Amino acid sequence: MIQHPGNVFVVSAPSGAGKSTLTQRLVRTVPDLIFSISFTTRSPRPGEVDGRDYFFIDDARFDAMVRGGGFVEWVQIYGHRYGTGRDWLSGVLATGQDVLLDIETTGALNMRRAIPDARMIFILPPSAASLEQRLRSRGKDSDEQIRIRMQHARHEMELYHAYDYLVLNDDLELAYRQFESVIYATRASRERMAPEARRILEGF
Ligand code: ADP
Ligand code: 5GP
């Protein structure tokens, strides 16, 4: 189990539900919220930067990290492996900053075992039809990839009940405000604020 002063937010969603749109804006806007950089064996897409979007590593290094217990969780999906680095995550959390992890459902459930007080957020698309429409209008995936993503989306949707918060991304502004509220509400929770309350109390 990882000991940590900062909060851990795990966010999952079927591909196309709007997770990148929401999380990119959050980490730009909310102070002291760091986006988790995963390790992956897939190649960078145009515009992706090593050490910013992912740590892009080869199979041999991924294997070595798995053997050395270097991942809090890892999975194989869409033909590649992805994992959350233990040292990387512990290092950021030790600074007291909050971390937002964008990981798929299997990894998210494993993360909850490693960090039981992680706050789990699932982004819901308004409907299956609108999810497919968003995947098409994004223009990044072939028809075959869209078919695979829609099949996988159903499996991911079935796991919604493992999450603490379900943010419906229909109206983007409302979804953003709800997501941001989860972060600020978690920061204000009694268990998080109790040390500060005790410190203030000592001054009376
Ligand atoms: P994900 O990261 O979950 O795969 P994206 O953030 O890439 O999804 O969003 C998929 C597409 O849907 C993008 O073209 C994005 O601009 C669009 N989109 C995101 N949120 C909304 C929304 N609330 N209403 C309409 N379109 C949206
Ligand atoms: P992409 O290749 O589109 O960047 O990511 C594919 C999927 O991998 C997304 O659903 C993303 O959330 C997930 N993912 C990215 N990093 C990790 C990770 O470290 N662990 C797990 N379990 N999933 C990840």
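These numbers were taken from a predicted model, which means no experiment stands behind them.

Caption draft 1: Layout of the layout of surface pockets. Computed from the structure, the largest pocket encloses a volume of approximately 1,500 Å³. For the largest pocket, the lining is made up of 46 residues, of which Ser20, Arg42, Arg45, Tyr54 and Asp102 are closest to its centre. Top element by residues in the lining of the largest pocket is helix α1 (residues 19–29). It accounts for six residues. Of the residues that constitute the lining of the largest pocket, the class distribution is 14 nonpolar, 17 polar and 15 charged.

Caption draft 2: Expanded view of the pattern of salt bridges. Counted under the stated rule, the structure contains 18 salt bridges. One salt bridge in this structure joins arginine 112 and aspartate 164, with 2.8 Å as the shortest N-O distance. Of the two residues, arginine 112 is situated in helix α4 (residues 105–114) and aspartate 164 in the loop between α6 (143–157) and β9 (165–168); the sequence distance between them amounts to 52 residues. Look at aspartate 164 and you get partly exposed, because its relative accessible area is 33%.

Caption draft 3: Region of the structure containing the nonpolar core. Within the largest apolar cluster, 22 residues are counted, with the highest numbers of intra-cluster contacts made by Leu26, Ile123 and Phe179. At the level of elements, β1 (8–12), α1, β8 (119–124), α5 (128–138), α6 and α7 (172–187) are the ones that each hand at least two residues to this core. If you tally residues by element for this core, the top one is α7, at five residues. One finds Val8, Val10, Val99 and Ile115 within the second-largest nonpolar core, a separate group that totals 20 residues.

Caption draft 4: Fine view of the sheet that holds strand β2 (residues 33–35). Strand order in the open sheet formed by five strands is β2-β7-β1-β8-β9, with parallel pairing between adjacent strands. Every other strand in the sheet has two partners, leaving β2 and β9 as the edge strands with one partner each. Here the strands of the sheet are splayed against their neighbours by 25° on average, with no regard to which way each runs. Direction of pairing for β8 relative to β9: parallel, over a ladder of four bridges. In the sheet register, leucine 124 faces β9, and the bridge partner there is leucine 168. Where α1 meets the sheet, it contacts β1, β2, β7 (98–102) and β8, and its direction lies at approximately 135° from that of β2. Along the sheet, α7 contacts β1, β2, β7, β8 and β9; its crossing angle with β9, the most-contacted strand, is approximately 155°.

Caption draft 5: Summary view of the site of ligand 2. Close to ligand 2 lie 15 residues, the nearest being Ser38, Tyr54, Glu73, Tyr82 and Asp102. Within the side chain of lysine 19, an N or O atom sits 3.0 Å from an oxygen atom of ligand 2. Between ligand 2 and the protein, one listed contact pairs an oxygen atom with a side-chain N or O atom of tyrosine 82 at 2.5 Å. When ligand 2 is considered free in solution it has 510 Å² of accessible area, and contact with the protein chains removes 89% of it. Residue assignment for the shell around ligand 2 shows that the elements contributing at least two residues are β5 (71–77) and β6 (80–85). The residue makeup of the shell around ligand 2, split by class, is five nonpolar, four polar and six charged.

What counts and what doesn't
Per chain, residues are indexed from 1 in the order of the written sequence. To label them, take the chains in the order written and letter them from A, then take the ligands in the order written and number them from 1. Totals for whole chains, interfaces and linings use every residue, but because this is a predicted model, local features are given only for residues with pLDDT of at least 70 and side-chain atom pairs only at 80 or more, for both listing and counting. For the side-chain quantities, the full set of heavy atoms in the structure was used; hydrogens and water were omitted. The pocket and cavity definitions rest on a 1 Å grid over protein atoms only: a 1.4 Å probe that fits but cannot leave marks a cavity, an open set with protein on both sides within 12 Å along at least five of seven lines marks a pocket, and residues lining either have an atom within 4 Å of a point. Grid points are joined across faces, edges and corners, and a volume is the space filled by probe spheres set on the points. Numbering of helices and strands runs from the N terminus, with a helix taken as a DSSP run of H or I at least four residues long and a strand as a DSSP run of E at least two residues long. For this scheme, ten residues count as nonpolar: Ala, Val, Leu, Ile, Met, Phe, Trp, Tyr, Cys and Pro. Four count as charged, namely Asp, Glu, Lys and Arg, and the remainder, Gly too, count as polar. By definition, a salt bridge exists where a carboxyl oxygen of Asp or Glu is found within 4 Å of a side-chain nitrogen of Lys or Arg. Partly exposed residues are those whose accessible area sits between 20% and 50% of the maximum for their type, while under 20% is buried and over 50% is exposed, using a 1.4 Å probe and protein chains only. Nonpolar core, defined: a set of buried Ala, Val, Leu, Ile, Met, Phe, Trp, Tyr and Cys residues in which side-chain atoms within 4.5 Å join the residues together. At least two DSSP bridges between two strands are needed for those strands to be called paired. With axes taken as lines fitted to C-alpha atoms, and helix axes fitted only over the stretch in contact, angles between N-to-C directions fall between 0 and 180 degrees. Whether two residues are in contact is decided by their heavy atoms: any pair within 4.5 Å suffices. It suffices for a single heavy atom of a residue to lie within 4 Å of a molecule or strand for the residue to be listed as near it. Polar contact is the term for a pair of N or O atoms within 3.5 Å; when the atoms are in protein, one must be able to donate a hydrogen and the other to accept it, and sequence-neighboring residues count only if both atoms are side-chain atoms. The protein chains shown are the only cover counted for residues, whose accessible areas, like all others here, come from Shrake-Rupley with a 1.4 Å probe.

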